[in-house]
Each structure stands twice: as structure tokens, then as C-alpha cells.
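# Survey of secondary and tertiary structure
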2 protein chains.
Amino acid sequence: MKSQLKRGTLELCVLSILWRGDCYGYEIVNRISDCMQITEGTVYPLLKRLKDNMLIDSYIVESQEGPPRKYYTITDMGRTVKEEQEAEWTSFSTAINKLLKGD
Amino acid sequence: MKSQLKRGTLELCVLSILWRGDCYGYEIVNRISDCMQITEGTVYPLLKRLKDNMLIDSYIVESQEGPPRKYYTITDMGRTVKEEQEAEWTSFSTAINKLLKGD
DNA sequence: CATAGTACCTTGCGATACAAAGTACTTTGT
DNA sequence: ACAAAGTACTTTGTATCGCAAGGTACTATG
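Residues numbered from 1 in each chain as written. Chains lettered and ligands numbered in written order. Predicted model: local features only at pLDDT ≥ 70, side-chain atom pairs only at ≥ 80, totals over all residues. Heavy atoms only, no water.

## Here we look at the protein's contact with DNA strand D
Around DNA strand D, the structure places 28 residues, and the nearest of them are A:Y26, A:Y44, A:R69, B:K6 and B:R7. In DNA strand D, atoms within 4 Å of the protein come 69% from sugar and phosphate. Within the contact set of DNA strand D, a phosphate oxygen lies 2.7 Å away from a side-chain nitrogen or oxygen of A:Y44. A distance of 3.3 Å separates a phosphate oxygen of DNA strand D from a polar side-chain atom of B:T42. (Near = heavy atom within 4 Å. Polar contact = N/O pair within 3.5 Å; in protein donor to acceptor, adjacent residues only side chain to side chain.)

Set out below in C-alpha cells:
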């Protein structure tokens with residue numbers, strides 16, 4: 001899959017996953033990679049960006065099965081942005097499909 | 001609309017328009033901007049890239065209503081790539097919609 | 001003869017997906 | 001005891017490409 005296609009949608013994917021409940025980074029990577037090819041080098045910097053923009057927050061939880069996990073939770077601002085981006089995605093993909101079919 | 005969303009799809013949009021018949025650059029800009037916000041500064045460099053990759057070809061036609069027009073035509077290679085990219089787009093948008101709905 | 005519309009092109013910037021490399025912990029097999 | 005595999009996080013650098021901004025040049029209209 002062309003990496004360019006993912007641009008702009010991965011942020012929405014992460015917000016959408018966190019919308020349904022808190023997750024730690026590695027788990028988010030695995031959930032998204034069920035649907036498309038993705039690596040940690042993409043997701044971790046994205047999580048940092050989202051946190052810097054205060055769309056998500058994080059907390060550490062110790063784990064018995066490995067290193068401590070950093071859980072992420074969506075903020076109210078994140079929920080608002082998620083809904084905006086979801087609407088944008090819908091209208092965008094509709095526009096593309098219209099163009100592909102020939103107006 | 002977020003500019004990042006368009007990444008990777010504009011190329012397919014142009015190929016898809018040319019699939020249905022030759023067009024000149026300015027016309028392509030106008031057709032795409034019926035569906036989404038786009039400027040010449042995006043499309044002309046893209047047309048150059050597509051031509052460099054031999055997915056499209058071009059020829060000049062004089063015009064009575066202004067400067068000469070550079071018409072673009074899709075090549076056989078362009079047609080192949082267009083079909084590949086269209087399939088990619090379909091599977092990609094399906095994957096995103098699945099992720100947004102929560103697997 | 002100025003303005004608007006048509007039509008082309010280029011430069012530079014910003015955003016971001018990803019490869020690659022590194023750290024550190026636990027479990028399992030030998 | 002120790003290597004290997006799996007879990008989990010992080011950082012650095014590179015490549016791509018959408019777009020703003022600027023430019024050229026032609027025709028038609030008031």
C-alpha cells in the first residue's frame with residue numbers, strides 16, 4: 001500500500017481507537033496493523049504530536065509481562081477533533097469516489 | 001479540508017480524468033476543484049511528475065481564446081497504474097471505514 | 001487601456017510516514 | 001546461567017508532496 005494514502009487518516013484512526021477506550025501504544029500499533037501496514041516509527045511520533053496538541057493524555061501502568069505500558073486516553077478536545085476529522089474523511093472519500101466515477 | 005488527506009489520491013484523480021479523454025492542465029485543475037479545494041501550484045507539478053514517469057504524455061494545441069493549451073493524454077502504462085491505484089484506494093478506504101466503525 | 005479571465009510555470013516551505021537504530025524488561029528453552 | 005524471542009517504548013534522518021506565492025503571456029471586454 002502506498003504510504004502517501006495514509007497521510008492525514010492515521011491521526012483519525014488513533015483518535016477513533018481511543019474513542020472506544022484507553023490503549024497503550026504498542027496495542028494501538030497492533031490494532032491498526034490488522035487493517036494496514038504500519039510500524040512503530042509512525043505511530044509513536046504521532047502519539048507524541050497528539051499529546052502535544054492536547055488531543056490525548058497518557059499515564060503509565062506497570063506490567064507483569066514486560067516493560068511498563070504507557071496508556072493513552074482521549075481528551076474532550078480530542079473527541080471534538082475526532083468528530084470533525086471523521087466528517088472530513090466522509091466528505092473527502094465521497095468526493096474522490098465521485099471523481100473516479102466521472103462526476 | 002486537510003491537505004494531507006489528498007496525498008496519493010490526486011495522482012489517481014488526474015489519471016482517472018485523463019482515462020475518460022484528453023484534457024489540458026487548466027481544465028484538469030477546474031474539474032478537480034469542482035470536488036475539492038485545489039490550486040494550480042499543486043496540479044502543474046503533479047502533471048510534470050506523471051509525465052516524467054511516463055504515465056501521461058502531452059501535446060500543444062493553439063487556442064483562439066488565450067494562450068496555447070498543453071493537452072495531456074494517458075499512456076498504456078498510465079492506464080495500468082490507474083487501475084492499480086484505484087484498487088488500492090478502494091481497499092484503503094474500506095480499511096479505514098472498518099477501523100472507524102470499530103472492527 | 002485597464003481589468004478580468006485564460007493558461008502556463010517555478011521556488012520554497014511545512015507536514016508526516018517510515019526505515020533504522022537503540023534501550024529495557026520478561027519468558028522460555030537448553 | 002544464558003541466549004533468544006517477544007513485549008514495549010523512543011529518537012534521528014530522509015523522502016514525498018500539497019500549497020502559497022510569485023511570475024509570464026495571451027485575449028476579450030468595458
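## Remarks on the sheet that holds strand β1 (residues 23-24) of chain B
Residues and elements named next belong to chain B. Strand order in this open sheet of three strands is β1-β3-β2, and the pairing throughout is antiparallel. Sheet topology places β1 and β2 (56-61) at the edges, where each strand pairs with a single neighbour. Where β1 lies against strand β3 (residues 69-74), two bridges are found, and the strand directions are antiparallel. Within β3, the position partnered with Y24 by the bridge is Y71. (Pairing = 2+ DSSP bridges. Helix = DSSP H or I, 4+ residues; strand = E, 2+ residues; numbered from the N terminus.)

## A few points about the relation of the copies chain A and chain B
It takes a turn of 180° to lay chain A on chain B, together with a shift of 0.0 Å along the axis; the resulting RMSD is 0.1 Å. Overall, the copies show the geometry of a two-fold rotation axis. Considering only C-alpha atoms, the part of chain A nearest the rotation axis is A:R7, at 3.2 Å. Most of the interface of chain A is mirrored in chain B, where 100% of its interface residues again form contacts. (Least-squares fit on C-alpha atoms with pLDDT ≥ 70 in both. Contact = heavy atoms within 4.5 Å.)

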